[in-house]
Structure formats: structure tokens, C-alpha cells
Amino acid sequence: MLTIKNYVKAKSLAEAYELNQKRTNRILGGMLWMKMSNASIQTAIDLSGLGLDTIEETEDTFSIGCMVSLRQLEEHHALNTYTSGAIAESVKSIVGVQFRNLATVGGSIFGRFGFSDILTMFLALDTQVELYHGGIIPLSEFVTMPRDNDILVRLIVKKVSLTSSYLSHRKSKTDFPVIACAVSYFNGSYRAVIGARPQRAVLIEVPNEILTADTKEKNAELFADYVASQVTTGSNMRASAEYRLHLTKVLSKRGYLQVVQLQQTGGNMA
């Protein structure tokens with residue numbers, strides 16, 4: 001059972017950061033996973049009054065506040081046009097609409113959960129995180145850092161010439177993914193992100209020199225073989241390590257083919 005002694009609606013990020021330095025205090029996001037824990041919280045810190053629940057688009061970036069809901073991501077036209085629907089695809093099977101109306105981007109990313117579709121998807125993009133104390137750093141760096149008492153303020157997605165796709169395998173539509181896979185192409189190279197291994201998502205940069213076959217189908221095989229060779233999977237109640245590795249090859253191959261198809265048809269180019 002979750003117990004909360006005090007509740008504070010922060011008036012500024014500075015106030016929220018100061019309160020969050022005490023180990024028994026906690027930042028509230030959508031409070032969906034937290035409410036199922038047995039934690040005892042001295043002070044719950046609410047960021048909902050700080051205007052961090054919007055997606056702002058400029059010529060060069062999308063700025064996504066930490067209190068943006070997963071449903072907002074799912075329905076954001078410009079963001080989904082940019083990713084050819086990959087963002088919406090990555091969230092559509094997360095429990096249900098009611099859940100996605102409450103779950104926040106900040107909670108999903110800061111938690112660095114192994115099962116996170118959101119983390120898997122954004123690692124495939126040119127994404128940075130803005131931390132209140134730590135400043136702006138690449139998401140790929142943030143994901144490897146230990147958890148601390150900083151505050152994730154927003155995600156910053158750079159607009160680059162991009163093609164991307166997202167796939168996952170689940171035992172049932174709204175269950176956690178057995179494996180998740182995002183594939184993208186930008187800055188002249190392909191990358192794959194494999195999540196729900198069941199460890200946190202891992203980013204694999206695929207060298208162009210291995211994709212030298214004369215057909216896209218053969219290159220897709222080479223791509224999938226390379227990705228699988230760089231991924232460590234594990235076993236849990238949902239799947240064995242061997243099955244996850246098999247799915248890694250299957251989904252990364254399909255993702256590569258989707259990205260190539262988008263490139264050939266002039267898909268989501270910024």
C-alpha cells in the first residue's frame with residue numbers, strides 16, 4: 001500500500017528540486033505505477049502547475065514537457081507525421097486510453113523501465129533530455145546513468161531527415177511487451193533500439209559497411225543478424241532469453257524493411 005504524509009503542488013522547478021533532495025520525498029507524475037508500490041512517501045511533489053504538459057514545435061525541434069500524457073503523444077499530428085506514425089504505434093497498446101490519459105512522458109523516461117515502449121521509441125530518434133540540475137544531455141547517455149534526485153524537465157527531439165518504425169510483440173494487446181523494437185535512419189546511418197529484453201532498452205548503431213547486399217531483403221537479414229549479435233536478452237515469466245533473441249531478429253528485420261520502404265516512398269522526411 002502506498003502512503004503519502006504530505007502533498008505539495010510546486011510553484012517552481014527550484015522548489016520541486018529542493019524538496020526532491022530528501023530521499024523520502026517523491027515527484028508525482030501520472031502516479032500509475034507508483035500507486036501500486038508499497039512505498040511510504042513523506043512529501044509528494046506535484047509538477048502539474050508548472051506548464052510542463054505541452055508539446056511545442058519549432059522549426060528545428062519538438063519540445064515535450066515531462067507532464068505530457070502518453071495520449072497527447074498518441075494524438076499529436078505533427079509528431080506522428082514526423083515519425084510516420086511510429087510514436088502512436090509505440091503507445092497504442094499501453095493498457096488503455098484511460099491509462100494513457102494519465103501516464104506521463106517524464107515518468108516513463110525517468111523511470112528507465114525495462115518494459116518501456118516510450119524509452120525504446122525515443123532512443124531511436126535524435127533525442128535529448130533536459131534535467132533541472134544536470135542540463136541537456138543525450139537520451140542515450142541518460143539511460144545509462146544511475147537514478148538520482150534530479151528532475152526531468154522535458155524531452156527535446158531534434159528535427160532531422162528521418163525515417164522510423166516501431167514494432168512490438170505482446171502476449172495480449174494491452175500487456176507489457178515481450179520484446180520491443182524501434183528502427184530509424186538519420187544522419188546517414190541506421191540504428192535499432194531493442195527494449196523489454198527484459199532489461200532497459202539498448203541502442204545499436206548499425207555500421208553501413210555491413211549492409212552491402214544487392215537487395216533490400218538480403219540487407220534486412222544482415223541488419224537483423226547484426227542487431228541480434230549485439231543484444232543480450234534474459235528470461236522471465238513472459239518469455240525465455242532464446243525466444244526474445246528470435247523475436248529481436250524478426251522485428252528488427254521487419255523494422256528495417258519498413259524504414260527502407262518509407263525512404264523509397266518519400267516517407268517522414270523533415
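Quantities reported herein were computed from a predicted structural model and do not represent experimental measurements.

A. Highlighting the overall build of the chain. Scanning the chain for helices and strands turns up 10 helices and 12 strands. In terms of overall dimensions, the chain has C-alpha extents of about 65 × 45 × 30 Å along its principal axes. For the chain, the proportion of its 270 residues judged to be buried stands at 49%. Looking at the chain alone, contacts between residues at least 24 apart form 61% of all its contacts between residues at least 6 apart. On the chain, roughly 12,400 Å² of surface is accessible, and the fraction owed to carbon and sulfur atoms is 51%. Of the side chains in the chain, 28 bear a positive and 25 a negative charge, and the two mean positions are spaced by 8 Å.

B. Region of the structure containing unusual backbone geometry. Cis geometry marks the peptide bond from R197 to P198, where omega comes out at 20°. Mapped onto the secondary structure, P198 falls in the loop between strand 11 (189-195) and strand 12 (202-206). Despite not being glycine, R112 shows a phi value in the positive range, around 50°. Residue position: R112 is located in the loop between helix 6 (105-111) and helix 7 (117-123). Of note in the backbone geometry, N187 takes a positive phi value of approximately 55° without being a glycine. Among the secondary structure elements, N187 is positioned in the loop between strand 10 (177-186) and strand 11.

C. Summary view of the pairing of strand 8 (residues 152-158). Of all seven residues in strand 8, five are buried, a share of seventy percent or more. Across five bridges, the pairing between strand 5 (residues 61-65) and strand 8 is antiparallel. In the strand pairing of strand 8, T61 is matched with K158. Sheet topology places strand 6 (residues 127-131) next to strand 8; five bridges connect them, and they run antiparallel. When the bridges of strand 8 are listed, E130 appears paired with R154.

D. Structural detail: the sheet that holds strand 11. Spatially, 9-10-11-12 is the arrangement adopted by the four strands of the open sheet, whose pairing is antiparallel. The two strands at the open ends of the sheet, each matched to only one other strand, are strand 9 (163-170) and strand 12. Direction aside, neighbouring strands of the sheet carry axes that sit 15° apart on average. Both strand 11 and strand 12 contribute to a ladder of five bridges, which runs antiparallel. Its bridge partner being in strand 12, Y190 is matched across the sheet by V206. Taken strand by strand, helix 9 (residues 216-229) contacts strand 10, strand 11 and strand 12, and its axis lies near 135° from that of strand 12.

E. Geometry of the packing of aromatic side chains. Within the structure shown, the criterion is met by nine aromatic pairs. Ring pairing ties together the aromatic residues Y185, Y190, F223 and Y256, which thus form one cluster.

Rules behind the numbers
- Residues numbered from 1 in each chain as written.
- Predicted model: local features only at pLDDT ≥ 70, side-chain atom pairs only at ≥ 80, totals over all residues.
- Heavy atoms only, no water.
- Helix = DSSP H or I, 4+ residues; strand = E, 2+ residues; numbered from the N terminus.
- Buried < 20%, exposed > 50% of the residue type's maximum accessible area, 1.4 Å probe, protein only.
- Contact = heavy atoms within 4.5 Å.
- Areas by Shrake-Rupley, 256 points an atom, 1.4 Å probe, with all protein chains shown as cover.
- Lys, Arg positive; Asp, Glu negative; His and termini not counted.
- Charge placed at Lys NZ, Arg CZ, Asp CG, Glu CD.
- Pairing = 2+ DSSP bridges.
- Axes fitted to C-alpha atoms, helices over the stretch in contact; angles between N-to-C directions.
- Phe/Tyr/Trp six-rings, centres within 6.5 Å; stacked < 30°, edge-to-face > 60°.

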